[in-house]
Amino acid sequence: MTKLKLLLNALILIAATSFAVTAHADLPTTKDGVTTIHLDQYGGYFDAKETLASLKAGTYEFVVTNKTNKVVGFQIQNYKTHEQLDKFPLDPNQTRVTRVEITSDGFRYRCPINPTPWYDVEGVSKAE
């Protein structure tokens, strides 16, 4: 019974930690019709400072920062057509900004240099 209790406590702790991390994601800000998303790239994964849920089609600026000690890259495409929206390298600790048009097709992004899986964002609604 003690092992079961320990397992349940561990699961509760994991769930609470996951909720706490998710609950603190900022909403993207929009200024003059441009929505800004900050992405930090670490060794093998991206961390979004803003939530990527409930996005609307429109103009987006992606502020991408390399948080590693090696060259990485950023590639963003239309989710459905795989049309290239932008692609560039980032030196260690470098930040670059790209402005792209996101449609209701959604988008996907990854690092093509230090291959990461595609991050798919399908739930983009049409602009109002």
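Heads up: the structure comes first, above all this text.
Everything numeric here is computed off the predicted structure, so don't read it as measured data. (Residues numbered from 1 in each chain as written. Predicted model: local features only at pLDDT ≥ 70, side-chain atom pairs only at ≥ 80, totals over all residues. Heavy atoms only, no water.)

Asks: What is the right way to look at the sheet that holds strand β9 (residues 119-121) in this model?
Replies: Picture the strands of a sheet paired through backbone hydrogen bonds; they go either parallel or antiparallel. Read from one edge to the other, the open sheet built from four strands follows the order β6-β5-β8-β9, with strand pairing classed as antiparallel. The sheet is open, and its two edges are formed by β6 (84-90) and β9, each paired on a single side. The mean angle between the axes of side-by-side strands here comes to 10°, regardless of whether they run parallel or antiparallel. Sheet analysis places strand β8 (residues 107-110) next to β9, joined by three bridges and oriented antiparallel. By the bridge assignment for β9, Arg108 is matched with Asp120. (Pairing = 2+ DSSP bridges. Helix = DSSP H or I, 4+ residues; strand = E, 2+ residues; numbered from the N terminus. Axes fitted to C-alpha atoms, helices over the stretch in contact; angles between N-to-C directions.)

Asks: Explain unusual backbone geometry here, please?
Replies: A negative phi angle characterises most non-glycine residues, just as the trans form characterises most peptide bonds. For Asp32, which is not a glycine, the phi torsion comes out positive at approximately 55°. Mapped onto the elements, Asp32 comes out in the loop between β1 (29-31) and β2 (34-42). Using a relative accessible area of 75% as the deciding quantity, one classes Asp32 as exposed. A positive phi angle, close to 60°, is found at Ser54, a residue other than glycine. Tracing the backbone through its elements, the reader meets Ser54 in the loop between β3 (45-48) and β4 (58-66). (Buried < 20%, exposed > 50% of the residue type's maximum accessible area, 1.4 Å probe, protein only.)

Asks: Looking at this model, I keep getting lost on the pattern of salt bridges. Mind explaining?
Replies: If charged atoms from side chains of opposite charge come close, those side chains can pair. Summed over all chains, the structure comprises two salt bridges. With a shortest N-O distance of 3.8 Å, Lys49 and Asp40 are connected by a salt bridge. Lys49 sits in the partly exposed class, given a relative accessible area of 40%. Looking at Asp40, the relative accessible area reads 4%, which means it is buried. Its salt-bridge partner being Glu61, residue Arg99 comes within 2.8 Å of it at the nearest N-O pair. Taken as a pair, Arg99 in strand β7 (residues 95-102) and Glu61 in strand β4 lie far apart in primary sequence, 38 residues in all. In this structure Arg99 comes out as exposed when scored by relative accessible area, which is 53%. (Salt bridge = Lys/Arg side-chain N within 4 Å of Asp/Glu carboxyl O.)

Asks: Please clarify how the environment of His38 should be interpreted in this entry.
Replies: One can find His38 in strand β2. Between the alpha carbons of His38 and Val97 there is a distance of 9.2 Å; along the sequence they are 59 residues apart. Look past the residues within four positions of His38 in its chain and what remains in contact with it is Asp47, Ala48, Lys49, Glu50 and Val63. (Contact = heavy atoms within 4.5 Å.)

Asks: When you look at the nonpolar core in this model, what are you seeing that I'm missing?
Replies: Core analysis: the biggest nonpolar cluster contains 20 residues, and Phe62, Phe74, Ile76, Ile102, Phe107 and Tyr109 have the highest contact counts within it. Of all the secondary-structure elements, those providing two or more residues to this core are β2, β4, β5 (72-78), β6, β7 and β8. Ignoring any residue separated from it by four or fewer positions in sequence, one finds Ile102 in contact with Ala57, Gly58, Tyr60, Phe62, Ile76, Leu85, Phe107 and Val124. (Core = buried A, V, L, I, M, F, W, Y, C linked by side-chain atoms within 4.5 Å.)

Asks: Mind showing me how you'd approach the side chain of Asn66 here?
Replies: Positionally, Asn66 belongs in strand β4. A distance of 3.0 Å separates the side chain of Asn66 from the backbone oxygen of Leu90, its partner in a polar contact. Beyond its immediate sequence surroundings of up to four residues, Asn66 is in contact with Gln41, Val71, Val72, Leu90, Asp91, Pro92, Asn93 and Gln94. (Polar contact = N/O pair within 3.5 Å; in protein donor to acceptor, adjacent residues only side chain to side chain.)

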